[in-house]
Structures are given as structure tokens and as C-alpha cells.
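Fold and contact review
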Amino acid sequence: MDLDAVKEHSALHAKPSGLVLQYGTAGFRTKAEHLDHVMFRMGLLAVLRSKQTKSTIGIMVTASHNPEEDNGVKLVDPLGEMLAPSWEEHATCLANAEEQDMPRVLLDISVKAAVSLQQDAFVVIGRDTRPSSEKLSQSVIDGVTVLKGQFHDYGLLTTPQLHYMVYCRNTGGQYGKATLEGYYEKLSKAFMELTKQASCSGDENRSLKVDCANGIGALKLREMEHYIAQGLSVQLFNDGTKGKLNHLCGADFVKSHQKPPHGMEMKSNERCCSFDGDADRIVYYYLDVDGHFHLIDGDKIATLISSFLKELLLEIGESLNIGVVQTAYANGSSTRYLEEVMKVPVYCTKTGVKHLHHKAQEFDIGVYFEANGHGTVLFSKAAETKIKQLARELEDKKRKAAKMLENVIDLINQTAGDAVSDMLVIEAVLILKGLTVQQWDALYRDLPNRQLKVKVADRQVISTTDAERQVVTPPGLQEAINDLVKKYKLSRAFVRPSGTEDIVRVYAEADSQENADSLAHAVSLAVF
Ligand code: 16G
Ligand code: ZN
């Protein structure tokens, strides 16, 4: 490793002294102007990770739903999954090393992780539409090239598209072609095949309104539009030509404010959805005839998809197991519906996709969604093989069901939550089950809930257990929450330190909105 060259180039991406950042649930994320050194260093680190795993590694430059002025970076591991936890630590050490120590820290990492330096390295890079992203991805490339890594810069991509590219490249093209065209062709073919199975042709001019958060989702959906035009026409809003990224729009805005995005023209009973700023989350919604807004969040998406998959499994008569993974934010009604009505086992993990993803890998078919709309479906290798075999061997209705499962395997992006892929799965399920958006919404009724943010001197004094549903420290806080919860009906509340902002999050649900609000308020006073 040419540490002199590293030192020389690093000086061009000097770290502001004293700045400390943490590789959190979504990588590094902060104001874009503080990130140049982090990008350069993540380019270096990706080369080491690539050498160590003898695989292509991905780097995505994005800050998802954060304001336009922010940016961020995350590394994608060989199978398209999030970076391994031990390397998150390396990333944090490297990003925080003061300028003069950085080459030594880099060397330490390569020794600790037993990286064979002679190995070739290959890194693929994607970025979102933020004004700062292009320059920052150049800094990533500087890092990669100083260590003589090879790279391919995909330029503008959604986060899940980058995950897809990494996985395709590391599985010899078995998962699909590692190009945008390959991605569009794979998804659109599966979508058309799947929807062809609908018994009635239904709505010939099926259309969907999509709020693209003024982000990358708009560009990519435009590119894809003609591939799916025969089955679905999408009408794009907040496509980035006028508004600012994530400003008063996008999935995060809609979910947290429980209201429509600005810039969307909604008529009653029209199906609408919102992507977030890097198109890895999606939520649906509609206005009823009285003009009331109805949100259909990740929990209801998981319910729709898992009930569809369960019906197909029953049809083919195969005992593949299916499980749903949620977080503490899942609405209590959704958990009850899944367990009691659908008889599907439900598991709860800590917030953050990597935790849900990991748990979902334990099932033949693992469906995971965060309430905020980030999620996907995972099929075990054994389940995939079995389903493909059944699609060839079975006959009539059973064969049709197996074929549909096969199409879902191709349509869903198994590497990460993907707004475009999830949208196509949802649209296909609605067509196949002949459901309107209102009928979908009526599966169960969400319990009224409230989320609040509390600013405290040090959020790390709060630690939790039981998938973040119980407080361990400070002493007495859990007892105080328990006492408050007892005062309300159908109530539940928890607090946890945010992994992405310097705040503590409070969640409460109860039998009425008034009670949920009042419980959330009382709990936030107990935290303070
Ligand atoms: C990140 C996570 C998201 C999670 C959110 C929670 C990924 C890719 N993203 O955005 O899944 O819901 O953090 O944020 O893992 P919080 O810790 O601030 O509540
Ligand atoms: Zn996102």
C-alpha cells in the first residue's frame, strides 16, 4: 500500500480537525460540506473491503429523506446487503482519524482484517440527485484510485439499484444483468408475466400517481415508464423539475405528518404513493369521498404482500414457512391482524433495515417492512429452487400459483427495500386480488398513534432492550412509562435514542388520537 500517495491525496480532502462522525444505521450522514474527507476515506475503505472479500463492493452517496443540504455515504457488501458490523467500526475509526494519523489507521485496519493487499479490488459507485452528490462521488473515486482499485461509476442511481448492481456482479449475472437496462427488463418482465395471470382483465387504463420527493426516483421511474406502460401508467409528481428534494413531500414527510405531500393533485379514491429521496421507501394513501386522508404504511404493505404469498403457498400445498418481521413502530393493529387473522408468525427487531433483513433470512419466505415503508421479501435458496421446480412440475391451478410465486421472486428486489420494485409488487397484488385501495386499507384499522422528538443533553444515557421496547437505563424510566401506559386503553409506548439524529424518539398508541397524543406527551415529559 503506497501510504505516501494516500497521505498526499488525503491532504486534498483534509478532515476538519475535531469533527467526529459515526457510521450509523444508514452510514455516515451530516451536512454535505463536512463530508469530503469521509467520501475519500470510504473510497479507500471500499478497496480494502473488496480485496478482503474478493468481491465487488458498492458505495452509495445519498442522505435519503434528509434535507437537500445534507449528504451521506454507505457501503454495500458483496451480496447487496449492508456493511458487516465489524467494518462499520473500521469505517468510523477511519473517518474520525485526524489527518496525520489516517494512513496508519488505514494500515491497522488492513492488518486487523487480514486484507491481502495483492488482491485486485473493484468498487461500484452510485449517487442521488443532491447538488453536492456529484462532487462527493468524485472524492470517493479519488480514494479508490489512490489504492489502485478499479471502479465503475454508475452515476445517478436509486439506492436499491446500486444494491442490485453489486449483487448481480458478485453472482456472475445469475440474479440479473448489472446494468440499468437489465434492472428495468427483469422487473418489467416479471410484472407483465405476473399481471397476465389476473382472471379478469380489470381496469384497462390502470394508473397510479407517484410523488417522487423531487429526487432520483423521478428520473428512474421516467426511464422505466415505457417498459411497464402496457400494465400500468404512472403519473409523476414532485419530479424535481420545480421543487426541492424532500421538501414538504416524499414518503418520510407523508408518513410522519400523516398528510398528503405538497404538489400532488389528489381526487377522492385515487391511489397515490410517495417515494423517499433515494427511492428505497414507499407509502400509499388516498382521500376518501369526505376528503379524509388515509395512509397505507409499511405495515399494511407487509400485510397485503404476506397474505398474497400465503394464499399462493396454500394453493400449491407446499409447507414452506413464511414469517413477517416488524419493528416496535409497527402499529399494534397490524401485528394483531397478522397473528390472529392471518395466522402468520410475527417477529420484532431493532429499528434499521439490517436487523429486519437478518431476521427475515431465517424463513423460507421472510417479509419485512418498517412502518415507514422500507422493506422487501426474502426467499431462501431452498424455497426458490423448490418453487421453480413446482412451476415446471405442477399442473393447472397449482402450476399457476407456483408460476406467480416465481414471478414475485423476480419482481421483488431481494437485496434491499426498493420503492419501484415494491410498487410493482403491490400493484400486481391489487390487480390479481381485484382489490381497490379502500378495500386494502379496510383490512384492519390502525390504532391512533403519535411520534414525538425530545431533545436531551445526551441521548446515549437511554439504553433499551427487547427490540427497543423496554428501557434499561436510566433507572426508573421504564416504570414511569408503564404507569403512564396503564392510564389508557389499547395503549403502548416506548422511547429510544435515534440512530440518525441527536434526539430521543417517543412513540405512543392508544384507543383515540387524543389519548395517543396525551400519552406521547406525558412520556416525553418523563424522558426530559
Ligand atoms: C435509517 C434506516 C431506517 C430506519 C431509520 C431510523 C436503513 C437503510 N435506514 O434511515 O431503516 O427506519 O434509520 O431512524 O437502515 P432513527 O434511528 O433516527 O429513528
Ligand atoms: Zn431512503
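Each chain carries its own residue numbering, running from 1 in the written order of its sequence. Key to labels: chains lettered from A, ligands numbered from 1, both in the order written. Thresholds applied to this predicted model are a pLDDT of at least 70 for local features of residues and 80 or more for the giving and counting of side-chain atom pairs; totals over whole chains, interfaces and linings are not thresholded and use all residues. In computing side-chain values, all of the structure's heavy atoms are included and hydrogens and water are not.

Some words on the coordination of the zinc ion (ligand 2)
- Sites may look incomplete, because water is not among the atoms used; the donor set itself consists of N, O and S atoms within 2.8 Å of the metal (3.2 Å for Na, K and Ca). Within the first shell, the zinc ion (ligand 2) binds the protein through Ser64 (OG), Asp276 (OD), Asp278 (OD) and Asp280 (OD), at distances of 2.0 to 2.2 Å.
- Tetrahedral means four donors with every angle between 85 and 135 degrees, whereas square planar (four donors) and octahedral (six donors) require angles over 155 degrees between opposite donors and between 65 and 115 for all others; sites fitting neither are termed irregular. One can describe the donor arrangement at the zinc ion (ligand 2) as irregular, given that its 4 donor atoms subtend angles of 86 to 174° at the metal.

Overview of the environment of Arg496
- Runs of E in the DSSP output that reach at least two residues are strands. Runs of H or I that reach at least four are helices, and both are numbered from the N terminus. Mapped onto the elements of the fold, Arg496 is located in strand β18 (residues 492-497).
- Under the scheme applied here, a residue whose accessible area is under 20% of the maximum for its type counts as buried, over 50% as exposed, and between as partly exposed, the area being computed with a 1.4 Å probe on protein chains only. Residue classification places Arg496 among the buried positions, given a relative accessible area of 7%.
- Each C-alpha atom of the pair Arg496 and Ser463 lies 7.2 Å from the other, and the pair is 33 residues apart in sequence.
- Contacts are residue-level and defined by heavy atoms, with any inter-residue pair within 4.5 Å sufficient. Setting aside its immediate chain neighbours within four residues, Arg496 contacts Tyr329, Thr351, Thr464, Glu468, Val504 and Arg505.

Considering the packing of helix α2 (residues 36-53) against helix α5 (residues 133-146)
- Viewed as axis vectors pointing N to C, α2 and α5 meet at an angle of 40°, and their least axial separation amounts to 7 Å. Between α2 and α5, the angle falls in the class oblique. Of the two possible hands of crossing, α2 and α5 adopt the one that is right-handed. Of the residues in α5, those touching α2 at Asp36, Met39, Phe40, Gly43, Leu44 and Val47 are Leu136, Ser139, Val140, Asp142, Gly143, Val144 and Val146.
- Any residue outside Ala, Val, Leu, Ile, Met, Phe, Trp, Tyr, Cys, Pro, Asp, Glu, Lys and Arg is labelled polar, Gly included; the first ten of those are nonpolar and the last four are charged. A per-class count over the contact of α2 with α5 returns 8 nonpolar, 3 polar and 2 charged. Helix axes are fitted only over the stretch in contact, all axes being lines through C-alpha atoms; the angle between N-to-C directions runs from 0 to 180 degrees. Geometric relationships in this document are graded by angle, where less than 35 degrees denotes roughly parallel, more than 145 denotes roughly antiparallel, 65 to 115 denotes roughly perpendicular, and other angles denote oblique. What makes a crossing left-handed is the near helix being turned counterclockwise from the far one by less than a right angle; a clockwise turn instead makes it right-handed.

Comments concerning the sheet that holds strand β19 (residues 504-509)
- Here 3 strands make up an open sheet; going across it, the order is β15-β19-β18 and the pairing antiparallel. Edge positions in the sheet fall to β15 (449-454) and β18, since each has one partner strand and no second. Neighbour to neighbour, the strand axes of the sheet diverge by 15° on average, direction disregarded.
- Paired strands, in this sense, are two strands between which DSSP finds at least two bridges. The pairing of β15 with β19 spans 6 bridges and is antiparallel. Looking at β19, one finds that Val454 is bridged to Val504.

Some details on the pattern of salt bridges
- A carboxyl oxygen of Asp or Glu within 4 Å of a side-chain nitrogen of Lys or Arg is what we treat as a salt bridge. Taken as a whole and assessed by the stated rule, the structure comprises 33 salt bridges.
- In this structure, the salt-bridge partner of Glu223 is Lys220, at a minimum N-O distance of 3.2 Å. Of this pair, Glu223 and Lys220 are both found in helix α8 (residues 216-228), 3 residues apart, which corresponds to roughly one turn of the helix.
- With its nearest N and O atoms 2.7 Å apart, the salt bridge here joins Asp517 to Arg450.

Quick word on the site of ligand 1
- Near ligand 1, the surroundings consist of 15 residues, among which Glu370, Ser498, Gly499, Thr500 and Arg505 are the closest.
- Nitrogen and oxygen atoms within 3.5 Å of one another constitute a polar contact, given that in protein one can donate a hydrogen and the other can accept it, and given that sequence-neighbouring residues count only through two side-chain atoms. Separating an oxygen atom of ligand 1 from a side-chain N or O atom of Ser498 is a distance of 2.6 Å.
- A distance of 2.6 Å is found between an oxygen atom of ligand 1 and a side-chain nitrogen or oxygen belonging to Arg505.
- Exposure was quantified through the Shrake-Rupley algorithm and a 1.4 Å probe, taking into account, for residues, occlusion by the shown protein chains and nothing else. If ligand 1 stood free it would expose 460 Å²; the protein chains cover 94% of that surface.
- By residue class, the composition of the shell around ligand 1 is 3 nonpolar, 8 polar and 4 charged. Definition of nearness: a residue and a molecule or strand are near each other if at least one heavy atom of the residue lies within 4 Å of the molecule or strand.

Quick word on the domain arrangement of the chain
- Domain assignment breaks the chain into domain 1 (3-156), domain 2 (177-446) and domain 3 (449-527).
- An automatic or database domain assignment provides the domain bounds reported here. Here domain 1 and domain 2 have C-alpha centroids that lie 32 Å from each other.
- Counting residues at the interface gives 17 residues for domain 1 and 20 residues for domain 2.
- We define buried area as the total accessible area lost by two parts upon association, computed with a 1.4 Å probe and summed across both. Ranking the residues of domain 1 by area buried against domain 2 places His65, Glu68 and Thr129 at the top, with a combined share of 31%.
- In this assembly, domain 1 and domain 2 are joined by 2 salt bridges.
- Close ionic contact of Lys244 with Glu69 constitutes a salt bridge, the shortest N to O distance being 2.7 Å.
- Between the two partners, domain 1 and domain 2, sit 11 residue pairs in polar contact (both at pLDDT 80 or more).
- When the residues that make up the side of domain 1 that touches domain 2 are grouped by side-chain class, the tally is 4 nonpolar, 7 polar and 6 charged.

Structural notes on the state of the cysteines
- Pairs of cysteine sulfur atoms within 2.5 Å are what we label disulfides. Scanning the entire structure with this criterion turns up 0 disulfides.
- Here Cys212 stays unpaired: no disulfide links it, and the sulfur of Cys273, its closest cysteine neighbor, is 7.8 Å away.
- By relative accessible area, Cys212 is classed as buried at 0%.

Concerning the packing of aromatic side chains
- Each Phe, Tyr or Trp ring (for Trp, its six-membered ring) is paired with any other whose centre lies within 6.5 Å, and the angle between the two planes then decides the class: stacked below 30 degrees, edge-to-face above 60, tilted in between. Applying the stated rule across the entire model yields 13 aromatic pairs.
- Residues Tyr164 and Tyr183 carry aromatic rings whose centres are separated by 5.2 Å and whose planes lie at 80° to one another, so their mutual orientation is edge-to-face. Here Tyr164 is found in helix α6 (residues 159-170), whereas its partner Tyr183 is found in helix α7 (residues 180-196), with 19 residues between them in sequence.
- Looking at Tyr164, the relative accessible area reads 1%, which means it is buried.
- Note on Phe494 and Tyr507: the rings are 5.3 Å apart at their centroids and 25° apart in plane angle, and the pair reads as stacked. Taken as a pair, Phe494 in strand β18 and Tyr507 in strand β19 lie far apart in primary sequence, 13 residues in all.

Some remarks on α8
- Expected span of a helix, by definition, is 1.5 Å for each gap between consecutive residues, and there is one gap fewer than residues. Taking 1.5 Å of rise per residue, 13 residues should cover 18 Å, and α8 covers 18 Å from first to last C-alpha, within 8% of that figure.
- Taking the largest bend as the criterion, α8 deviates by roughly 35°, centred on Arg222.
- Every buried residue of α8 is listed here: Ile216, Gly217, Ala218, Lys220, Leu221, Met224 and Ile228. The bend reported for a residue corresponds to the angle between axes fitted to the seven residues ending at that residue and the seven starting there.

As for the pairing of strand β8 (residues 272-275)
- Every second residue of β8 is oriented toward a common face, with Cys272 and Ser274 on one face and Cys273 and Phe275 on the other, all of them buried.
- As defined by bridge partners, strand β6 (residues 207-211) adjoins β8 across 3 bridges and the pair is classed as parallel. Of the residues in β8, the one forming a bridge with Val210 is Cys273.
- Where β8 meets strand β9 (residues 282-287), 4 bridges bridge the pair, whose relative direction is antiparallel. Bridging from a neighbouring strand, Phe275 pairs with Ile282 of β9.

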